[in-house]
Amino acid sequence: MQPTDSKASTTSDVTPPTSETQTITIPPNKKKSKPSSKTRRRLKDAEPLPFTIDGLSHDGRGVAVYGNGFGIDDGHIEDKHGKKIFVSFALPGENALVKITNSRASFEEGEAVSITANPNSERAVPPCPHFGVCGGCNLQHWQPDGQINFKQSVLAEMLIHQANVTPDNWLAPVVGDRLGYRTKARLGVRYVTKKETALVGFRERSSNFLAELNECHILDPRIGFEIENLKILISTLESRNKIAQLELAMGEEMPELPDGNQPVALIVRNLEPLSDADIEKLKVFFAARNWQLYLQSKGADSIQRIALTADDDMSQQFGRLYYQLPEYDLTFEFIPTDFTQVNLSVNRQMTKLACDLLDLKAGERVLDLFSGLGNFSLPLARLVGETGSVVGVEGSEAMTARAADNARRNGINNTEFYSQDLTQDCTDKSWANQGFDALLIDPPRSGAWEIMQYLPKFNAERIVYVSCNPATLARDTKALLEQGYRLTHAGVMDMFCHTGHVESIARFEKVAM
């Protein structure tokens, strides 16, 4: 649970990291973070110990050291002096009582159960009543501006550590919706016979058990405040013991478009066929909320849409969802299983920032790697105009087709989309050998190391790199610097507020020889 005696913080100005930024500790490997059953039993009844929080780890946990201001009488036995402990729900400078949850030879882990002195000025009252038990987020005890400033410090340290570089300019953090923002998620489901109720939600922290939730303040409220009703619904089904998961996807309501009045889609993972009576209950519940209903009995190919009204288009496996980028007069169509950014408010700002950083001119040729459904490609195409062109390359054939469809629907004729394994050198392809003025890359968490090996062949003057993992961005930055590029801008975006995940962006410019 989160610590008591929390104090609401005041909003502070967001400032870029400086050379005086405190060193941030690398957290332990996740595999080592899982305590053994023997360790859990030994620590279960142990009394909390006092600690002074000295710093933070990359994932936002407090870091303390045995023996720092405390002695044997406080439970800090001499053999442990100097040993680090990673403390959830604690902030720098605070004195906390810490319940130890894991003990290894080189480190320990715990969670603050109370703040006994010196609460950090950025400490906040968590908005969600389930915070501290639910594993869906881990930073609600921290005022959001403090979180994003810290994430920028993480990026700064990684750039220095891995690439020995600081950008010429730090960008102001991109901030959007900080509650009710998440439009994509998978929620576990389990019916508990003893309690005669279903559990719906995320897993408990450091556990395989589902948290007992009634609401979620991170999920889009169209689902976040329907969890209790979903629990009641599932509890009434004959197959309540055979529902394993709900996969949800949400878009924007656009009644003028097909399925546009049904902007919420849920895929019900059922381990055995549902009875007609169960399907009817689901249909009534979903129809009352204008949600799209899908059943999935096996793999992705088994996903089946269930018609709720006579107007539902059942000619395809999936219905349609939509989101917009008003800045560029664009509407994107996608299906529930497509990858989309989870925070639509940040996505609008992120696409504009990326376009602004590329500083495109009419007639230029742009390459978009990992182009997905065209989230960046189509705004870029608007900017280079009919005399310019954008080439989007994506590993998924389905997403490549979706991008081409979105271009057509938006009346864009200066784009080409190709499906390609980007881990392999593709510079010999016909679309690649004409060179590019600018390049945008938005890789997965693993980064783009393979692409870095052949990227210079594209001869782009300007590169914008969007990343969901600052460690791989920093690694790839080193490669770009060695290939004759300069890091002109870098910053972070609040895509995943209240979690330790960091979304970042960097701009590179070729150095004149």
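Above this note sits the structure.
A brief look at the structure comes next. (Residues numbered from 1 in each chain as written. Predicted model: local features only at pLDDT ≥ 70, side-chain atom pairs only at ≥ 80, totals over all residues. Heavy atoms only, no water.)

**Considerations on the overall build of the protein**
Then step 1. Helix and strand counts for the protein stand at eleven helices and 22 strands.
Then step 2. A compact globule built from 513 residues would reach a C-alpha radius of gyration of about 24 Å, and the protein, at 25 Å, matches this within 12%.
Then step 3. Projected onto its principal axes, the C-alpha coordinates of the protein cover approximately 75 × 70 × 40 Å.
Then step 4. Counting only residues that meet the buried cut, the protein has 56% of its 513 residues in that class.
Then step 5. Long-range contacts, defined as pairs at least 24 residues apart, comprise 67% of the intrachain contacts of the protein with a sequence gap of at least 6.
Then step 6. Counting every atom, the protein has about 22500 Å² of accessible surface; 49% of that belongs to carbon and sulfur. (Helix = DSSP H or I, 4+ residues; strand = E, 2+ residues; numbered from the N terminus. Rg over C-alpha atoms; globule rule 2.2 N^0.38 Å. Buried < 20%, exposed > 50% of the residue type's maximum accessible area, 1.4 Å probe, protein only. Contact = heavy atoms within 4.5 Å. Areas by Shrake-Rupley, 256 points an atom, 1.4 Å probe, with all protein chains shown as cover.)

**Structural notes on the packing of aromatic side chains**
Then step 1. Counted under the stated rule, the structure contains 13 aromatic pairs.
Then step 2. A ring pair is formed by Trp142 and Phe150, whose centres lie 5.3 Å apart and whose planes are at 45 degrees; its orientation type is tilted.
Then step 3. We classify Trp142 as buried; its relative accessible area is 4%.
Then step 4. Ring plane angle 70 degrees and centroid distance 5.8 Å describe the contact between Phe285 and Trp291, whose orientation is recorded as edge-to-face.
Then step 5. Looking at Phe285, the relative accessible area reads 10%, which means it is buried. (Phe/Tyr/Trp six-rings, centres within 6.5 Å; stacked < 30°, edge-to-face > 60°.)

**A short note on the sheet that holds strand E10 (residues 243-250)**
In any sheet, the strands associate via hydrogen bonds between backbone groups, in a parallel or an antiparallel arrangement.
Then step 1. Within the open sheet, the six strands sit side by side as E9-E8-E10-E11-E12-E13. Their pairing is mixed. The outermost strands of the open sheet, each flanked by one partner alone, are strand E9 (197-201) and strand E13 (304-306). With direction set aside, neighbouring strand axes in the sheet form an average angle of 25 degrees.
Then step 2. With five bridges connecting them, strand E8 (residues 184-192) and E9 associate as antiparallel partners. Paired with Gly188 across the two strands is Gly201, which belongs to E9.
Then step 3. Sheet contacts for helix H5 (residues 227-235): E8, E9, E10, strand E11 (264-270) and strand E12 (291-296); angle to E9, the most-contacted strand, approximately 135 degrees. (Pairing = 2+ DSSP bridges. Axes fitted to C-alpha atoms, helices over the stretch in contact; angles between N-to-C directions.)

**Brief notes about helix H11 (residues 470-482)**
Then step 1. A rise of 1.5 Å per residue sets the reference length of H11, with its 13 residues, at 18 Å; its end C-alpha atoms lie 19 Å apart and thus fit the reference within 8%.
Then step 2. Where H11 is buried, its residues contact helix H3 (144-163), helix H10 (449-454), strand E20 (462-467), strand E21 (485-493) and strand E22 (503-510).
Then step 3. The N-terminus of H11 is capped by Asn469, whose side-chain oxygen sits 3.0 Å from the backbone nitrogen of Ala471.
Then step 4. Phi for Gly484, located one or two positions after H11, is positive at around 95 degrees. (Expected span 1.5 Å × (residues − 1). Polar contact = N/O pair within 3.5 Å; in protein donor to acceptor, adjacent residues only side chain to side chain.)

**Remarks on the sheet that holds strand E4 (residues 84-88)**
Then step 1. Within the open sheet, the six strands sit side by side as E1-E5-E6-E4-E3-E2. Their pairing is mixed. Of all the strands in the sheet, just strand E1 (49-52) and strand E2 (55-56) have a single pairing partner and so form its edges.

**As for the side chain of Gln341**
Then step 1. Here Gln341 is to be found in the loop between strand E15 (330-334) and helix H7 (344-358).
Then step 2. A residue is classified by how much of its surface remains accessible, and Gln341, at 9% relative accessible area, is buried.
Then step 3. Apart from the residues within four sequence positions on either side, Gln341 is in contact with Thr183, Asn347, Met350, Asn375, Asp442, Met495 and Glu503.

**Examining the pattern of salt bridges**
Then step 1. Taken as a whole and assessed by the stated rule, the structure comprises 29 salt bridges.
Then step 2. Between Glu108 and Lys83 there is a salt bridge, and its shortest N-O distance comes to 3.2 Å. With Glu108 in strand E6 (residues 107-117) and Lys83 in the loop between strand E3 (62-65) and E4, this pair connects stretches of sequence that are 25 residues apart.
Then step 3. The class of Lys83 is buried, set by a relative accessible area of 14%.
Then step 4. The salt bridge partner of Arg409 is Glu333, with a shortest N-O separation of 3.2 Å. (Salt bridge = Lys/Arg side-chain N within 4 Å of Asp/Glu carboxyl O.)

**Considering the packing of H3 against H11**
Then step 1. It is the contact of H3 with H11, at a shortest axis distance of 8 Å, that shows an interaxial angle of 40 degrees. What the angle tells us is that H3 and H11 run oblique. Judged by the twist between their axes, the crossing of H3 over H11 is right-handed. Note on element contacts: H11 touches H3 through Pro470, Ala471, Leu473, Ala474, Arg475, Thr477, Lys478 and Leu481, opposite Val154, Leu155, Met158, Leu159, Gln162 and Ala163.
Then step 2. Partitioned by chemical class, the residues of the contact of H3 with H11 number ten nonpolar, two polar and two charged. (Parallel < 35°, antiparallel > 145°, perpendicular 65-115°, else oblique. Left-handed = near helix turned anticlockwise from the far one by under 90°. Nonpolar A, V, L, I, M, F, W, Y, C, P; charged D, E, K, R; others polar.)

**Here we look at the packing of H5 against helix H6 (residues 276-289)**
Then step 1. Running from N to C, H5 and H6 cross one another at 160 degrees; their axes reach a closest spacing of 10 Å. As the angle between them shows, H5 and H6 are arranged roughly antiparallel. Classified by chirality, the crossing of H6 by H5 is right-handed. Seen from H5, the contacting residues are Asn229, Leu230 and Leu233; seen from H6, they are Lys281, Leu282, Phe285 and Arg289.

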